[in-house]
Amino acid sequence: MDENYDVVVIGGGAAGLAGAVALARSRRSVLVIDAGDPRNAPAGHVHNFLTRDGVPPAQIYAAGRGEVTRYGGRVETGRVTALRRDGERFAVQADSWPVAARRLLVATGLRDELPDVPGLAARWGLDVLHCPYCHGWEVSGRRIGILATGPAAVHQALLFRQLSPDVAVLQHTGPRPTAEQRARLDARGIAIVEGTVEEVEAGARGLTGVRLVGGRRVALDAVVVAPRLTARAELLAPLGLQPSEVRLDGHLVGTRIEAGPAGATAVPGVWAAGNLTDLQAQVVTAAAAGLAAGAAINLDLVLEEARPAARRTQLSRSGG
């Protein structure tokens, strides 16, 4: 391969770019390959990111790409289609463009798989929400419905009740609250609306409510959901990495790639960071995880380069 890098970073979100900056500042040759479809693209703004609160995601990523290139790194738009180990390196196929890397940092994130309710996906990131810390302030004091599809509904209802006195649980397909959960909802004045949601309705000014099977309408300004959080990990299967299931009270809430505190996976030479490993990571925590992974990768390369020459030769001959 004509292009060889110390590290190829797959994914140009907060985690990938933060890791790339750390590596570039350590004078590593770094290539970031980004498909350009971040998870938070539908969101208008990022919140709870100190000094960057309210900034559009695209603006943060543009600034991050500029920081990577300022320190000598390279950022390219493309989609990685294949990964494999090639001797002591990794072969990375991006579209029709092959490159090689000594190490990989994978920060491909996850997919939000929404409940199959007509009208729901069209309002995703606008007034169909999932996180009180990401979007809660923007709907404070409004009429909020929690679409119950799993055990997280009661938890979400209690958190959003901190932001508005008008919160209701839409029972939909979720499990019935236990007696203890019902007592907690009652203590906070959170109603339970029986029935299956047939459609999320909206007008020119935004979401107006939901229609239940049978025709009843519930007026709302926002709907809160718990999407299934599925790791974008298909590329890692040829390297021997498969996502593990994450369950809450026996209910499948998502999948993730297991990694250590600094992002090291079970496959030597492969690190992962951001939502790929942590379903709850927000932009600022994903960036922190990327930084930790970048520093760990640099140290790993330093230690490899500091091996005595005889030891390096022995490892090379043995394929280690």
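These remarks concern the structure in this document. (Residues numbered from 1 in each chain as written. Predicted model: local features only at pLDDT ≥ 70, side-chain atom pairs only at ≥ 80, totals over all residues. Heavy atoms only, no water.)

A tally of helices and strands in the protein yields seven helices and 19 strands. Overall, the protein is about 75 × 35 × 35 Å in size when its C-alpha atoms are taken along their principal axes. By the burial criterion, 48% of the 320 residues in the protein qualify as buried. Restricting the contact set of the protein to residue pairs at least 6 apart, pairs at least 24 apart contribute 61%. Roughly 15700 Å² of accessible area belongs to the protein as shown, and the carbon and sulfur atoms make up 51% of that amount. (Helix = DSSP H or I, 4+ residues; strand = E, 2+ residues; numbered from the N terminus. Buried < 20%, exposed > 50% of the residue type's maximum accessible area, 1.4 Å probe, protein only. Contact = heavy atoms within 4.5 Å. Areas by Shrake-Rupley, 256 points an atom, 1.4 Å probe, with all protein chains shown as cover.)

Two elements in contact, helix 1 (residues 14–25) and helix 2 (residues 57–70), have axes whose closest approach is 9 Å; the angle formed by their N-to-C orientations is 20°. With respect to their mutual orientation, helix 1 and helix 2 come out roughly parallel. The hand of the helix 1/helix 2 crossing is left-handed. Across from Ala-14, Leu-17, Ala-20, Val-21 and Ala-24 in helix 1, the residues of helix 2 making contact are Tyr-61, Gly-64, Arg-65, Glu-67 and Val-68. Broken down by class, the residue content of the contact of helix 1 with helix 2 amounts to seven nonpolar, one polar and two charged. (Axes fitted to C-alpha atoms, helices over the stretch in contact; angles between N-to-C directions. Parallel < 35°, antiparallel > 145°, perpendicular 65-115°, else oblique. Left-handed = near helix turned anticlockwise from the far one by under 90°. Nonpolar A, V, L, I, M, F, W, Y, C, P; charged D, E, K, R; others polar.)

The strand order 12-13-14 describes an open sheet built from three strands, whose pairing is antiparallel. The sheet is open, and its two borders are formed by strand 12 (197–203) and strand 14 (217–219), each paired with just one other strand. Pairwise comparison of adjacent strand axes, ignoring direction, gives a mean angle of 25° for this sheet. Sheet topology note: the strand 12/strand 13 (residues 206–212) ladder contains six bridges and is antiparallel. Directly across from Val-200, in strand 13, lies its bridge partner Val-210. (Pairing = 2+ DSSP bridges.)

Before going further, it helps to examine a nonpolar patch on the surface. Together, Leu-299, Val-302 and Leu-303 make up an exposed nonpolar region whose accessible area comes to about 270 Å². We classify Leu-299 as partly exposed; its relative accessible area is 49%. (Patch = residues over 30% accessible without salt bridge, like charges linked within 9 Å, V, L, I, M, F, W, Y side chains within 5 Å. Salt bridge = Lys/Arg side-chain N within 4 Å of Asp/Glu carboxyl O.)

This brings us to the sheet that holds strand 11 (residues 191–193). Note on sheets: strands pair through backbone hydrogen bonds, and any given pair is parallel or antiparallel. The five strands lie next to each other as 8-15-9-10-11, forming an open sheet whose pairing is parallel. A strand with exactly one partner marks an edge of an open sheet, and here the two such strands are strand 8 (128–129) and strand 11. In this structure, strand 10 (residues 167–170) lies alongside strand 11, joined through three bridges in parallel fashion. If you follow Ala-168 over to strand 11, its bridge partner there is Ala-191. Along the sheet, helix 4 (residues 152–161) makes contact with strand 9 (144–147), strand 10 and strand 15 (222–224), crossing strand 9 at roughly 165°.

A separate point is unusual backbone geometry. Despite not being glycine, Thr-51 has its phi angle at roughly 75°, a positive value. Looking at the secondary structure, you find Thr-51 in the loop between strand 2 (30–34) and helix 2. Positive phi, close to 55°, is recorded for Asp-95, a residue that is not glycine. Tracing the chain through its elements places Asp-95 in the loop between strand 5 (89–94) and strand 6 (97–106).

The next point concerns the side chain of Gln-171. Inspection of the secondary structure puts Gln-171 in the loop between strand 10 and helix 5 (179–187). The class of Gln-171 is buried, set by a relative accessible area of 4%. There is a polar contact of 3.2 Å between the side chain of Gln-171 and the backbone oxygen of Pro-175. Discounting residues that sit within four places of it in the chain, Gln-171 has contacts with Ala-148, Arg-176, Pro-177, Ile-192, Val-193, Glu-194 and Gly-195. (Polar contact = N/O pair within 3.5 Å; in protein donor to acceptor, adjacent residues only side chain to side chain.)

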